[in-house]
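# Tertiary structure, described
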Amino acid sequence: PDSASPETPVTFPPSFLWGAATSSYQIEGAVREDGRTPSIWDTFSHTPGKTAGGDHGDIAVDHYHRYRDDVALMADLGLTAYRFSVSWSRVQPTGRGPAIQRGLDFYRRLVDELLAHGIKPAVTLYHWDLPQELEDAGGWPERDTAYRFAEYAQIVGEALGDRVEQWITVNEPWCAAFLGYASGVHAPGRTDPAASLRAAHTLNLAHGLGTSALRASMPARNSVALSLNSAAIRPFSQDPADLAAAQKIDDLASGIFHGPILHGAYPQTLFAATESITDWSFVEAGDLELINQPLDALGLNYYTPALVSAADPTASGPRADGHGSSDHSPWPGADDVTFHQTPGERTEMGWTIDPTGLHDLIMRYTREAPGLPLYITENGAAYDDKPDPDGRVHDPERIAYLHGHLAAVRRAITDGADVRGYYLWSLMDNFEWAYGYEKRFGAIYVDYTTLERTPKSSALWYGRAARTGTLPEAEEPQAV
Ligand code: PNW
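Residues numbered from 1 in each chain as written. Predicted model: local features only at pLDDT ≥ 70, side-chain atom pairs only at ≥ 80, totals over all residues. Heavy atoms only, no water.

The protein chain carries the name Beta-glucosidase in an unreviewed UniProt entry, which gives Streptomyces griseorubiginosus as its organism. UniProt, in the comment section headed Sequence similarities (unreviewed entry), describes the protein chain in these words: "Belongs to the glycosyl hydrolase 1 family." Recorded in UniProt under Catalytic activity (unreviewed entry), the annotation for the protein chain is "Hydrolysis of terminal, non-reducing beta-D-glucosyl residues with release of beta-D-glucose." (UniProt positions renumbered as here; feature names shortened; annotations may be inferred.)

Given below as structure tokens:
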């Protein structure tokens, strides 16, 4: 159902945004330039054993120095939007106090370059690179971090609000809270379930206070959103125990964020499931009102669905939840839940390819937040791409992945969803967090020795889709 026949071209509305996404620590490099100080990801990636091969973002793909070339590549492909994130410690090296202009100037130049090429910028304020000084003061489990974030949001809003319309406060708070503070496979690498739940609350508070700060600092026409990775959660069966397991994981993946943000309340079932870990007394009077700010849009990041059941005590073997290896679970209070491998082909991350999950996720938020415009702020796949002897990079698997998922987005639009745009993850190969440079998500290939960029065949395919508003057939294009 996801592939169209030639008689029924998959065509998108003319205003649909065709974007690509990146994040600061994954691409910029230049970690000690122009006053930038370490973030938790600098510290973490330089700690032995934390990333594959000891990889780190010191140079990454050197986007800080090559942003002009990168924007030119996007323009050549025909992209109409670009989502990037701001490095907090480039702008506010200690995480507090006055901004340094040189840091802000980089983002001004980047935005001006994008606008000059007719590419719409979307700015993410927080894509996981917390200034190390704020982690030393307690990090996300510490309430004050939300107030520091609001101050930072105000600074960036004042600096870029005149030329950037689309804003995202926080990217994937689930990863920041639970991979960072519960399983510890992401920075800062803490393994404290109670702290991770506090972190989730502080991230919600940061989103709410940050939204207010952005609104106060820039023109009212601008749009404020956040990006959730809510992964469509499926129960293994309709058995009540499996349904309860799915509810538990859905609360921890999604409800813990969209509950307070969209509806002003945490799910009651979440309190019950985590009562042996925390009494939630860190939620202060008035917090839910601060968090529940009206939004202009919602960003959804989607890679793969999750299939869960109540634990089978006879089952053994490694966890199959696809969230990296750790002795510690990223799901506090859910030790009685089993994750199953979903059937089907998988990408290089081991994540099952399932476009229906994206359709389900979009329809779920169409019901959860009626009338709220949606953007797919990340979707994509890692493959083991290698240049051919002629230097070209052919990645038909990624073309098939993109075709299937974009067709699913189109079906959701037909089914009544208000999806305004799509950002492919990622514009180019980059530092894939704990996996270092081993996993390539880019539409543009990066040679990590020369840092030379080569658009893969998927980039050319996606560019044709962007220029025509219609998905080309899933096979590779003959020419640009
Ligand atoms: C997202 N998980 O990360 C991020 O927003 C990107 O920075 C990242 O490069 C991309 O997806 C690909 O991984 C995730 O374990 C990292 O469930 C881990 C998980 C989900 C998303």
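Let us look at the side chain of aspartate 251. Within the secondary structure, aspartate 251 is located in helix H10 (residues 240-263). Although aspartate 251 is buried, it forms no salt bridge, and the closest oppositely charged side chain is arginine 364 at an N-O distance of 6.8 Å. Once you skip the residues sitting within four places of it in the chain, aspartate 251 turns out to touch Ile256, Pro267, Thr269 and Leu270. (Helix = DSSP H or I, 4+ residues; strand = E, 2+ residues; numbered from the N terminus. Buried < 20%, exposed > 50% of the residue type's maximum accessible area, 1.4 Å probe, protein only. Lys, Arg positive; Asp, Glu negative; His and termini not counted. Salt bridge = Lys/Arg side-chain N within 4 Å of Asp/Glu carboxyl O. Contact = heavy atoms within 4.5 Å.)

A few words on the confidence of the model for the protein chain. In the predicted model, the protein chain carries a mean pLDDT of 95, and the fraction of residues at 70 or more is 95%. Here the predicted complex carries an ipTM of 0.89, next to a pTM of 0.96. (pLDDT = per-residue confidence, 0-100.)

A word on the environment of proline 235. Checked against the element boundaries, proline 235 lands in strand S6 (residues 233-235). Residue proline 235 is classed as partly exposed on the basis of its relative accessible area of 27%. Taking the C-alpha atoms as reference points, proline 235 and histidine 340, separated by 105 residues in sequence, lie 9.9 Å from one another. Among residues more than four places away in sequence, those in contact with proline 235 are Asp242, Leu243, Ala246, Leu307 and Val308.

Another point: the packing of aromatic side chains. In the structure shown here, the tally under the stated rule is 35 aromatic pairs. Pairing phenylalanine 12 with tryptophan 18 gives two aromatic rings, centres 5.0 Å apart and planes at 70°, and the pair type is edge-to-face. Accessibility expressed as a relative area gives 2% for tryptophan 18, which makes it buried. With a centroid separation of 6.3 Å and an interplanar angle of 90°, the aromatic rings of tryptophan 88 and tyrosine 126 are classed as edge-to-face. With a gap of 38 residues between them, tryptophan 88 in helix H4 (residues 88-91) and tyrosine 126 in strand S3 (residues 120-126) connect regions that are remote in the sequence. No difference in accessibility class separates tryptophan 88 from tyrosine 126, as the two residues are buried. Within the aromatic cluster, the residues linked to one another by ring pairs are Tyr25, Trp41, Phe44, Trp128, Phe431, Trp433, Tyr437 and Tyr448. One residue, arginine 90, lies across the ring of tyrosine 64, its end atom 4.1 Å from the ring centre. Over the face of the ring belonging to tyrosine 365 we find arginine 364, whose NZ or CZ atom lies 5.3 Å from the ring centre. (Phe/Tyr/Trp six-rings, centres within 6.5 Å; stacked < 30°, edge-to-face > 60°. Lys NZ or Arg CZ within 6 Å of the ring centre and 35° of its normal.)

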